[in-house]
Every structure is written in structure tokens, then in C-alpha cells.
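Below, each chain spelled out in residue letters.
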Amino acid sequence: MKKQIILRCLLGGIFGIAICTFISIINSVIVNDGNIYMIVPALSLHFNTDLSAYIFQTIMVMIYGAIWGGSSIIWDKHNWSLLKQSLIHLVICSVSTFPVAYILHWMEHSVIGVLIYYAIFFLIYFFVWLSTYCSIRAKVKKINAKMNNLSL
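Residues numbered from 1 in each chain as written. Predicted model: local features only at pLDDT ≥ 70, side-chain atom pairs only at ≥ 80, totals over all residues. Heavy atoms only, no water.

## Observations concerning unusual backbone geometry
Applicable threshold: Helix numbers and strand numbers start at the N terminus; a helix is a DSSP run of H or I with at least 4 residues, a strand a run of E with at least 2. For each residue, the accessible area found with a 1.4 Å probe, counting protein chains only, is set against the maximum for its type, and the residue is called buried under 20%, exposed over 50%, and partly exposed in between.
Although it is not a glycine, asparagine 32 sits at a positive phi angle of roughly 55°. Relative to the helices and strands, asparagine 32 resides in the loop between α1 (2-31) and α2 (41-44). Residue classification places asparagine 32 among the exposed residues on the basis of a relative accessible area of 64%. Positioned with a positive phi, histidine 105 is a non-glycine residue whose angle comes to about 60°. When you line up the elements, histidine 105 lands in the loop between α4 (82-103) and α5 (111-151).

## As for the side chain of serine 24
Heads up, the rule is: We call two residues contacting when some pair of their heavy atoms lies within 4.5 Å.
Looking at the element boundaries, serine 24 is found in helix α1. On the basis of relative accessible area, serine 24 is assigned to the buried category, the value being 6%. Setting aside chain neighbours within four positions, we find serine 24 in contact with Tyr37 and Met38.

## Section: the packing of helix α3 (residues 50-71) against α4
So the rule is basically this: To get an axis, fit a line to the C-alpha atoms, keeping to the stretch in contact for a helix; angles then go from 0 to 180 degrees between the N-to-C directions. Angular relationships are summarised with four words: roughly parallel below 35 degrees, roughly antiparallel beyond 145, roughly perpendicular across 65 to 115, and oblique for the angles in between.
The N-to-C vectors of α3 and α4 enclose an angle of 175°; their axes lie 10 Å apart at closest approach. Relative to α4, the element α3 is oriented roughly antiparallel. Residue-level contacts link Phe56, Met60, Tyr64, Ile67, Trp68 and Ser71 of α3 to His89, Ile92, Cys93, Ser96, Thr97, Val100 and Ile103 of α4.

## Observations regarding the environment of aspartate 33
Operational definition: Side-chain atoms alone can form a polar contact between residues adjacent in sequence; in general such a contact is a pair of N or O atoms within 3.5 Å, and within protein one must be able to donate a hydrogen while the other accepts it.
Tracing the backbone through its elements, the reader meets aspartate 33 in the loop between α1 and α2. For aspartate 33, a relative accessible area of 40% gives the class partly exposed. Among the polar contacts listed, one links the side chain of aspartate 33 to the backbone nitrogen of asparagine 35, at a separation of 3.0 Å.

## Notes on the nonpolar core
One broad trend across soluble globular proteins is that nonpolar side chains are buried collectively. Heads up, the condition is: Residues belong to one nonpolar core when they are buried, are Ala, Val, Leu, Ile, Met, Phe, Trp, Tyr or Cys, and are joined through side-chain atoms within 4.5 Å.
Counting residues in hydrophobic clusters, the biggest one holds 16 residues, and the most contacted among them are Leu43, Tyr64, Val100, Leu104, Tyr117 and Phe121. Put simply, the parts of the chain that give this core at least two residues each are α3, α4 and α5.

What follows is the structure, given as C-alpha cells:
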């Protein structure tokens, strides 16, 4: 179990870096001024160089990804209800990744900024959860249909 969590954390860290890089490229394409924007300008104000800020951001998104990757072990707790799995996963991810988003200036540092961050976070989480649920439900229906055909 520990080995599985460590592996998932490592993979999550790698995915965190990949996703952050992809988002940075997309943002740079949207700005469309020929420059690449790998960090939020507000983050660079806390460091002597953009490179220092980028290294810090990379470490933070590795932590962010590792939290998501490691917490995915919850979905393997088959003796837990889907509601329990979902709520525990949601709480772990939302509470532990908020500081990363705040420190990296992915949100406005105000009450409104925090509320908007959580609204977006919960909305994205809900749609990912719902699409995963529907996909799994469809697979289960297929399996059940095959089993019913075999028993006839």
C-alpha cells in the first residue's frame, strides 16, 4: 500500500509539472505577444529572479500533483461507499491544494478571490467526478449485460 501511494505521488508530481507547463503555454498563446509566461507576474515579485520563481513554482506544482496522485488511493478503498470516497478525496484535495494555489498567486488574495477559487475548484471537480461516474456506470452496465447473456 505504501509503495503504491509513493508511486502515485511521484507520477502525480510529474503530471503536475506537465499540466502547469501546458497551462503556461496556453496562457502565452492567448496573450499572443511572442513571449512565454511561465509564472504569474505577482509571483515573480517575491523572488530576485524569474528563474527562482519558476523553480519555486515547479516544486509547488509537484507537491500539488503529488497530493492528487497520492490521494487517488482512496478510490481503491472498495469497502467504502462512493459518497465516503468522494467526500474524503474532495476534502483532502481542496484543503491541501488551496495553499499552493494561494502561494502561487493563482487567485486574487482577497475573500472574493478565495470564493471564486473554490467555486471554480468545486465546479471542475464536480464535472470530472460526474464524467468519471457516468463512464464507470456505462462500463458496469455493459458488464452486467454480458453476464446476463452468458446466464441465458
